[in-house]
Amino acid sequence: MMTYEQQYDVIVVGAGHAGCEAALAAARLGCATLLLTINLDAVALMSCNPAIGGLAKGHLVKEIDALGGEMARNIDATGIQFRILNTRKGPAVRASRAQADKQLYRLRMKRVLEHQANLHLKQGEVTALYLEGDVLRGVDTRSGIRFLGRTVVLTTGTFMRGLIHIGMTNYPGGRAGDLPSIGLSEQLGRLGFEIGRLKTGTPARLDNRTIDFARLEAQHGDDPPVPFSFSTTRITMQQVPCHIAYTNPRTHEIIRAGLDRSPLYAGVIEGVGPRYCPSIEDKVVRFPDKERHQTFIEPEGLETVEVYPSGMSTSLPIDVQIAFYRSIEGLERVEIMRPAYAIEYDYVNPIQLHASLETKLIHNLYHAGQINGPSGYEEAAGQGIMAGINAALRVKGLEPLVLGRGEAYIGVMIDDLVTLGTREPYRMFTSRAEFRLLLREDNADLRLREKGHAIGLVPERDYAGFLRKREMIVAEQQRIATTRLSMEPAERELLGVLGLGEIQKGTTLEQLLRRPEVTYAELAMFDDVSRETPSEVWEQVEIQVKYHGYIERQLEQVERSGKLEVVRLPHDIDYASINGLTGEVREKLSRNRPDTLGQASRIPGITPAAISVLAIALKANAWKRHEG
């Protein structure tokens, strides 16, 4: 085994969405960083849907951007359709989504990585961690090169012992066209990590020249498109529509007839699939009374004929795939360019991680992305940036950055994983966040920009723009709180048109805006300054005014729950020796080894009484240590 001449601060294994964010974060924080991947031509490749964002996922992308990550800027530069979802609902559940030009997305991210200072890209399959005793020193590759590093971040995606299924045929692969990673998960198992098996899948890729789009329903994006990144001023890419199609009873009949050759239903697939993104055969079996299922026919790019039928993932044999796709109206002559498939892969139980994403078994080893159980580019990228930040902070001898459940969806996701673990692919939802009114897409920069700048990840230009925006919001809040209606004839006439004739003289603009039937657009009818206020400013002011009471209550809840989060549990605490804990509680605490009292309180089966006993025991032990 040859030892490479340079030693790195951070080694990132895997160049998917988690690996890209991890490597960029570490390098931008000044660490000599190595990014190793099996295939340099597949950096940031969208293995499944060619899109970024969606419900709750868009929140993650905005938070990554607020911290100084790259995903939002990358989709802004390569997106070909942008939409805000849930616009008729409250601000907490509105979410951004964008179709990407799949190849442009990959190529731009690779270019960003290649031109990033302190970052080195190399092609190579990591087969083992290199340890001296129990001290992590680097990684070994199949090509016989050992790379030394002070910290290692594993972002292996679906590659660890990846197995692809198409009907009853299966073969090793990390995804279609790429080799799997062999050896690494076996070593992790020997080191004491709990290895599990998960499954995910992807639809076929279809030839758009063989689809009759005139018989499908076109869906256009927003005009003008709204960017993801707080630093992007406007979208310049050409925008194109998607199209909506539907399955029918004939489609479902074909699928049911082919279930005997489905590896999912024949017991060939061992891994647990995603509950909230089921295959089309799963949908047909689980919802037998549903006569049709919707699919969006999404373009994979501006310069390709390949399209992606969302929601139609399957592992059925290719002949069944051809038949059921062609049973859909408008797709009667469709040609499959790449077959759909399912993939099984190894993951590591995330309860073996600290909230920093460092493993509890091996110091200086971090896990991010699908190795921890989640599915989705956004979930992976959110973990990736945190793992990269914390690996860099470890190198610098600084405390890790941990986001709380009241600070970010990233914090909710990581806490869910490291506290509860997962036995199925984890997907982010707004319903997972108990403080979701605070964790909106629109205020991700107000929540996290300061943190990103404080650690050195947000550049001064972006930070200066953020400060200007924040100052304008505060100034506008103060202005409308002190500006009063004069009730002159013109104002009275406008109030009558809006059905607000009962408004009293001396009413402030803030009081007017507080009324549910009045928006900032109506406010601007009374006030010249409001008409000139930038949209990103008045949006924040309007939300703060209309939801003030709810926001204040959630802030109080965050403050109360935060008292448990700062009480750390010693890593060597002996739960068996603490009187007053039941056997079940001792077993769960010993298995999970939570970092804080707050984390312990969220483990299923840990009662408030048990938390009180723990708190008393911690105080007693602190007193004993002080006396000693």
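Heads up: the structure comes first, above all this text.
Scope of this entry: the structure provided in the associated data block.

Criteria and thresholds
- For every chain, the first residue of its written sequence is number 1, and the numbers climb from 1 along that sequence.
- At least 70 in pLDDT is required for a residue's local features to be given in this predicted model, at least 80 for side-chain atom pairs to be given and counted, and no such filter applies to totals for whole chains, interfaces and linings, which use all residues.
- Based on all heavy atoms of the structure, the side-chain values leave hydrogens and waters out of the count.
- In plain words, nonpolar cores are sets of buried Ala, Val, Leu, Ile, Met, Phe, Trp, Tyr and Cys residues tied together by side-chain atoms within 4.5 Å.
- Per-residue accessibility, obtained with a 1.4 Å probe over protein chains only, is compared with the maximum for each type, and a residue is labelled buried under 20%, exposed over 50%, and partly exposed between these values.
- The helix and strand labels rest on DSSP assignments: H or I over at least four residues marks a helix, E over at least two residues marks a strand, and numbering proceeds from the N terminus.
- Contact criterion: two residues are considered in contact whenever any of their non-hydrogen atoms come within 4.5 Å of each other.
- Nitrogen and oxygen atoms within 3.5 Å of one another constitute a polar contact, given that in protein one can donate a hydrogen and the other can accept it, and given that sequence-neighbouring residues count only through two side-chain atoms.
- Side-chain rings of Phe, Tyr and Trp (the six-membered ring for Trp) are treated as a pair once their centres are within 6.5 Å; stacked means planes under 30 degrees apart, edge-to-face means over 60, and tilted covers the remaining angles.
- Whether a charge lies above a ring is judged from NZ of Lys or CZ of Arg, which has to be within 6 Å of the ring centre and within 35 degrees of the ring normal.
- The salt bridge criterion pairs a side-chain nitrogen of Lys or Arg with a carboxyl oxygen of Asp or Glu, the two atoms within 4 Å.
- Criterion used throughout: strands pair if DSSP finds at least two bridges between them.
- Axis geometry follows a simple rule: fit a line to the C-alpha atoms, using only the stretch in contact for helices, then measure angles between N-to-C directions, giving values from 0 to 180 degrees.

Some remarks on the nonpolar core
- Within the largest apolar cluster, 76 residues are counted, with the highest numbers of intra-cluster contacts made by Ile 52, Tyr 105, Val 153, Met 386, Ile 389 and Ile 410.
- Residue contributions to this core peak at eleven residues, all from helix 9 (residues 377–395).
- With sequence-adjacent residues up to four places away left out, Ile 52 is seen in contact with Met 46, Val 61, Met 71, Ile 75, Ser 96, Arg 97, Ala 98, Tyr 105, Phe 228, Tyr 377 and Glu 378.
- Listed in part, the 21 residues of the second largest apolar core include Tyr 8, Leu 36, Leu 131 and Leu 365.

Some remarks on the side chain of Glu 476
- Among the secondary structure elements, Glu 476 is positioned in helix 12 (residues 460–482).
- By relative accessible area, Glu 476 is classed as buried at 6%.
- In terms of polar contacts, Glu 476 uses its side chain to reach the side chain of Arg 479, at 2.9 Å.
- If we skip the residues at most four places from it in the chain, Glu 476 touches Tyr 520, Val 529, Ser 530, Thr 533, Val 537 and Val 541.

Some remarks on the packing of aromatic side chains
- Applying the stated rule across the entire model yields four aromatic pairs.
- Their ring planes at 15° and their centres at 5.6 Å tell us that Tyr 520 and Trp 538 sit as a pair that is stacked. In this pair, Tyr 520 sits in helix 15 (residues 520–526) while Trp 538 sits in helix 17 (residues 535–546), placing the two residues 18 residues apart along the sequence.
- A cation sits over an aromatic face here: Lys 62 above Phe 230, 5.2 Å from the ring centre.

Topic: the pattern of salt bridges
- Under the definition given, this model contains 42 salt bridges.
- Where Glu 70 meets Arg 73, a salt bridge forms, and the shortest distance between an N and an O atom there is 3.2 Å.
- Relative accessible area serves as the criterion here: at 3%, Glu 70 is assigned to the buried category.
- Measuring nitrogen to oxygen at the nearest pair gives 2.7 Å for the salt bridge that ties Asp 415 to Arg 405. Here the residue Asp 415 occupies a position in helix 10 (residues 409–420), and Arg 405 occupies one in the loop between helix 9 and helix 10, the gap between them amounting to ten residues.
- Each of Arg 405, Asp 415, Asp 416, Glu 434, Glu 565 and Arg 602 takes part in one network of salt bridges that share partners.

Observations regarding the sheet that holds strand 4 (residues 79–85)
- Pairing is antiparallel in the open sheet, where three strands are placed in the order 3-5-4. Both outer strands of the open sheet, strand 3 (51–53) and strand 4, are each paired with one neighbouring strand and no more. Each adjacent strand pair in this sheet contributes to an overall mean axis angle of 15°, direction not counted.
- In the sheet, strand 4 pairs with strand 5 (residues 95–100) via six bridges, with the strands oriented antiparallel. Of the residues in strand 5, the one forming a bridge with Phe 82 is Ala 98.
- Sitting on the sheet, helix 3 (residues 71–78) is in contact with strand 3, strand 4 and strand 5, with an inclination near 120° to strand 4.

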